[in-house]
Amino acid sequence: LHLLYSRFWNKFLYDIGVVPVSEPYKKRTSHGMILAKGGEKMSKSKGNVINPDSIVSTYGADTLRMYEMFMGPFDQAIPWGEENIIGVRRFLERFWKLQNKVVSKIVSHSGEYKKFETNLHKTIKKVGDDIESMSFNTAISSMMILLNEMEKMEAIEKKDFELFLQILAPFAPHITEELWHTFGHKTVVMTEKWPRADKKKMIEKEVRIGIQINGKIRAELMIPVDATENSVMEQALKLEDVDKWLVGKQVVKVIFVPNKLINIVIA
């Protein structure tokens with residue numbers, strides 16, 4: 001109710017000429033409540049209040065901060081539970097270890113690295129949009145997906161790692177600030193301009209499609225975006241995992257869904 005009271009008091013103060021505007025804010029978002037286990041409201045009298053200090057001492061302030069945002073939608077009530085908090089802690093630990101893969105420059109970007117750049121800039125846009133809509137849980141999910149991809153890479157350019165670091169900063173300000181200074185910056189990361197997604201890099205040039213035999217996935221193939229059916233079929237037939245299913249069989253029909261799959265129907 002304090003959100004309603006704030007508007008009431010501002011209206012009153014405006015009526016008597018003390019404040020210059022009739023509304024106290026341009027936008028108001030009501031947040032959900034974190035409940036105790038079992039869905040009850042936390043109360044000192046019930047003894048079901050969670051002390052954040054103990055969580056911070058065990059898992060760290062950034063972990064608690066991120067976990068609260070990751071638990072669910074911002075505007076919905078959510079019962080407290082520590083079952084998944086370790087997952088957020090591990091995410092931050094894994095992000096910290098990524099600094100060991102950072103290099104100043106990669107001379108030639110492979111197809112894999114270009115795909116990573118595409119996903120990086122898509123994630124920058126996704127996180128920015130989610131922050132505007134208060135969808136913090138989905139923003140964190142998208143960064144977790146990107147981290148999984150980055151861990152598979154042999155090296156990451158410093159500029160790209162720092163872009164990830166900047167979008168993570170509002171969620172985990174302590175670890176990101178430490179890393180920001182580790183890479184030689186004298187400024188505060190939270191005062192940096194929010195990174196802008198590069199639309200050119202967001203365009204995927206290659207996609208992975210499934211190769212099906214009679215409706216069952218038998219192989220996968222990386223192809224240029226909007227590749228023709230003939231070119232995809234030609235590449236698919238060269239794959240050992242496809243060819244062995246076609247020996248002695250007759251191709252009855254080919255079902256091609258651009259950028260998604262090709263299904264070879266045999267008899």
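Analysis parameters
- Residues numbered from 1 in each chain as written.
- Predicted model: local features only at pLDDT ≥ 70, side-chain atom pairs only at ≥ 80, totals over all residues.
- Heavy atoms only, no water.
- Salt bridge = Lys/Arg side-chain N within 4 Å of Asp/Glu carboxyl O.
- Helix = DSSP H or I, 4+ residues; strand = E, 2+ residues; numbered from the N terminus.
- Buried < 20%, exposed > 50% of the residue type's maximum accessible area, 1.4 Å probe, protein only.
- Core = buried A, V, L, I, M, F, W, Y, C linked by side-chain atoms within 4.5 Å.
- Contact = heavy atoms within 4.5 Å.
- Pairing = 2+ DSSP bridges.
- Axes fitted to C-alpha atoms, helices over the stretch in contact; angles between N-to-C directions.
- Parallel < 35°, antiparallel > 145°, perpendicular 65-115°, else oblique.
- Left-handed = near helix turned anticlockwise from the far one by under 90°.
- Nonpolar A, V, L, I, M, F, W, Y, C, P; charged D, E, K, R; others polar.
- Patch = residues over 30% accessible without salt bridge, like charges linked within 9 Å, V, L, I, M, F, W, Y side chains within 5 Å.
- Areas by Shrake-Rupley, 256 points an atom, 1.4 Å probe, with all protein chains shown as cover.
- Polar contact = N/O pair within 3.5 Å; in protein donor to acceptor, adjacent residues only side chain to side chain.

Enquirer: What is the right way to read the pattern of salt bridges from this model?
Expert: Close approach of charged atoms allows side chains of opposite charge to pair. Counted under the stated rule, the structure contains 13 salt bridges. Between Glu117 and Lys159 there is a salt bridge, with its nearest N and O atoms 3.9 Å apart. Linking Glu117 in helix α5 (residues 111-132) with Lys159 in helix α7 (residues 158-168), this pair joins segments that are 42 residues apart in sequence. Accessibility expressed as a relative area gives 39% for Lys159, which makes it partly exposed. Two residues, Glu220 and Arg208, come together in a salt bridge whose shortest N-O distance is 3.9 Å. Note that Glu220 is positioned in strand β6 (residues 216-224) and Arg208 in strand β5 (residues 206-213), a separation of twelve residues in sequence.

Enquirer: Help me out: how do you make sense of the nonpolar core in this one?
Expert: General note: in soluble globular proteins, nonpolar side chains tend to be found buried as a group. Formed by 48 residues in total, the largest nonpolar core has its most connected members in Met66, Phe91, Met143, Phe161, Phe164 and Phe171. Of all elements in the fold, only α2 (52-59), α3 (61-70), α4 (85-97), α5, α6 (136-151), α7 and α8 (173-182) reach the threshold of two or more residues within this core. Looking at which element gives the most residues to this core, the answer is α6, with eight residues. Apart from residues no more than four positions distant in its own chain, Phe171 is found in contact with Asp62, Arg65, Met66, Met69, Val127, Ile131, Phe136, Ala139, Ile140 and Met143. Core analysis: the next-biggest nonpolar cluster, separate from the first, contains 17 residues, Leu221, Met233, Val242 and Ile266 among them.

Enquirer: What exactly am I supposed to notice about the pairing of β6 here?
Expert: Taken together, the eight bridges between β5 and β6 define a ladder with antiparallel strand orientation. Each bridged residue has a counterpart across the sheet, and for Arg208 the counterpart in β6 is Met222.

Enquirer: Even after reading the chapter, I still don't get the packing of α7 against α8, so can you show me in this structure?
Expert: Each pair of packed helices gets described by two things: the angle between the helix axes and the distance between those axes. In contact at an axis separation of 9 Å, α7 and α8 are set at 150 degrees when each is read in the N-to-C sense. The orientation of α7 relative to α8 falls into the category roughly antiparallel. Regarding α7 and α8, the two cross each other, and that crossing is left-handed. Two secondary-structure elements touch here, α7 through Phe161, Glu162, Leu165, Gln166 and Leu168 and α8 through Thr176, Leu179 and Trp180. Broken down by class, the residue content of the contact of α7 with α8 amounts to five nonpolar, two polar and one charged.

Enquirer: I would appreciate a short explanation of the environment of Met134 in the present structure.
Expert: Relative to the helices and strands, Met134 resides in the loop between α5 and α6. As for Met134 and Asp53, which are separated by 81 residues in sequence, their C-alpha atoms are 25 Å apart. Those residues within four positions of Met134 in sequence are excluded, and the remaining contacts are Thr29 and Phe74.

Enquirer: For this particular structure, what's the right way to read the side chain of Asn119?
Expert: Mapped onto the fold, Asn119 is located in helix α5. When its relative accessible area of 17% is taken as the criterion, Asn119 is described as buried. Non-local contacts of Asn119, meaning those with residues more than four positions away in its chain, are made with Leu146 and Glu149.

Enquirer: It is not clear to me how a nonpolar patch on the surface should be interpreted in this structure. Could you clarify?
Expert: A surface patch of nonpolar side chains, about 910 Å² in accessible area, is lined by Leu1, Leu4, Tyr5, Phe8, Trp9, Phe12, Ile16 and Val18. Mapped onto the elements, Phe8 comes out in helix α1 (residues 2-15).

Enquirer: What should I look at first to understand the side chain of Asn48 in this one?
Expert: Of note, Asn48 is situated in the loop between β1 (34-35) and α2. Assessed through its relative accessible area of 16%, Asn48 is described here as buried. Among the polar contacts listed, one links the side chain of Asn48 to the backbone nitrogen of Ser43, at a separation of 2.7 Å. Apart from residues lying up to four places away in sequence, Asn48 is in contact with Ala36, Glu40, Lys41, Met42 and Ser43.

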